[in-house]
Amino acid sequence: MDYRALVEQYGSPLYVYDFDVIEKNYNSIKNAFKARKSLIAYAVKANSNLSVLKHLAQLGSGADCVSIGEIKRALLAGIPNYKIIFSGVGKRDDELEEALQKDILFINVESEAELMRLEQIAKSLGKVARVSIRVNPNIDPKTHPYISTGLSENKFGIAIEDAKRLYLYIKKSPFLEAVGIHFHIGSQLTELEPIKEASQIVAELLRSLQKIEIDIKFFDVGGGLGIVYKDEKTIEPYDYAQAILASLKGTDVTVICEPGRFIVGNAGVFLTRVLYEKKSGDRRFVIVDGAMNDLLRPSLYNAYHEIEVVGKDEPKSKADVVGPVCESGDFFAKDRLLPLTEHGDILVVKSAGAYGFVMASNYNTRPRPAEVAVQNGKSRLIRERESFEYIIEKEVRFLV
Ligand SMILES: *Cc1c(COP(=O)(O)O)cnc(C)c1O
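Residues numbered from 1 in each chain as written. Predicted model: local features only at pLDDT ≥ 70, side-chain atom pairs only at ≥ 80, totals over all residues. Heavy atoms only, no water.

Asks: What is the right way to look at the pairing of strand E6 (residues 129-136) in this model?
Replies: Remember that side chains alternate between the two faces of the sheet whenever the strand is regular. Across the 8 residues that make up E6, a large majority, 7, are buried. After leaving strand E5 (residues 106-109), the chain enters helix H6 (residues 112-125) and then returns to the sheet as E6, a path that is right-handed. Here 6 bridges tie E6 to strand E8 (residues 176-182), and the two strands are oriented parallel to one another. Note on E8: the bridge partner recorded for Val131 is Ala178. Where E6 meets strand E7 (residues 158-159), 2 bridges bridge the pair, whose relative direction is parallel. Paired with Val135 across the two strands is Ile158, which belongs to E7. (Buried < 20%, exposed > 50% of the residue type's maximum accessible area, 1.4 Å probe, protein only. Helix = DSSP H or I, 4+ residues; strand = E, 2+ residues; numbered from the N terminus. Right-handed = clockwise from strand over helix to strand, strands pointing away. Pairing = 2+ DSSP bridges.)

Asks: Explain the pattern of salt bridges here, please?
Replies: Side chains carrying opposite charge are able to pair once their charged atoms draw close together. In total, this model carries 20 salt bridges according to the counting rule given. Across the pair Asp103 and Arg130 runs a salt bridge, and its minimum N-O distance is 3.0 Å. Residue Asp103 is found in the loop between helix H5 (93-101) and E5, and its partner Arg130 is found in strand E6; the two are separated by 27 residues along the sequence. Judged by its relative accessible area of 41%, Asp103 is partly exposed. Of the charged contacts, one joins Arg383 and Glu386 as a salt bridge, the two residues approaching to 3.1 Å between their closest N and O atoms. Among the charged side chains, a network of salt bridges with common partners joins Lys72, Glu98 and Lys102. (Salt bridge = Lys/Arg side-chain N within 4 Å of Asp/Glu carboxyl O.)

Asks: I'm lost on empty space enclosed by the protein in this one. Help?
Replies: Which parts of space are left empty comes out when a probe the size of a water molecule is rolled across the atoms. Counting across every chain of the model gives 1 cavity of 30 Å³ or more. What the largest cavity holds in volume is close to 30 Å³. When grouped by side-chain class, the residues that make up the lining of the largest cavity number 7 nonpolar, 1 polar and no charged. (1 Å grid on protein atoms, 1.4 Å probe; cavity = no way out; pocket = protein on both sides within 12 Å on 5 of 7 lines; lining within 4 Å. Points joined across faces, edges and corners; volume = space filled by probe spheres on them. Nonpolar A, V, L, I, M, F, W, Y, C, P; charged D, E, K, R; others polar.)

Here is the structure:
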């Protein structure tokens, strides 16, 4: 890919997504589940650009959404309502109401209180809410310390012991229908074992529900499949699917998988231009025109992203790559071996397709970057760079 030409055409900083890679990733996870009925419900929060969603819609993808805004995006992009799931630990009344009116596939319920609320709302609308309960398989995080999100945190899901009682409650309610069972044990997973264990635990609950004639159609295994940022060993989609399917022997549920990062993460790069180099003591800084407001992951998670300088290789010395924002946390890399750069050089920050643009803000009154799609060797703009006028639009009329 000619990054220099892209920056010359669309400006800097810039997000670029390779739609062919998105397609390849989508197909690899879809094919991994081909032994069974499945729905890939792309996790919209990873990258919610409408053109990305439309591309996935055309491939047959569904959507896992965590706000009514994401549901509206998915619908606008052409993902049909019967492939849309509404997840998240805190949903407002108006969001639940609208989701019911839009008749989406189901709502993932994460607490008893939410279930009661949803029942009331469904009743007031004269509707039946299709639900799935997000259970917390509570795999000891000590045996699996690589799951950084922590599995038994109370915020996520409902304990297995309580889930059965709630399913019985749903069965008796005229306004609720149990159609699914859901778990999601974390993000950037690189080990198979916890997924296998979680799947077995939840499949056991599924069987015990089927025994008491609670007919679950969807087994929703969440997302979380990890990608390579640096040198991680990751899980092959095939092995991932096999681990899940093995736990489902003798059942005929449809598997739903909600990958986000896996589909878009390595399909995207963030391009930023070098402003200057600077020395402070014996520390070398490469100051670029992109910043933490554009790509937050390094600042927020201390995340590692590979960085290349277009057209330059050797010699290398260690440098911090930093942005212009007035925060010491504004960096893309620390102590990174990089060639000497000069004004105008282009840095390619890799693996930036997931949780990149979606986390961008206008901090320091910086317009959010443009987004570009590359497909079949051709590029096209899919989101315009913001303008100063756009940023101030919601406040300027209040100037008195
Ligand atoms: C965030 C999230 C996902 C996607 O996670 P990835 O790590 O991007 O695959 C899927 N399902 C739920 C419920 C989530 O919260």
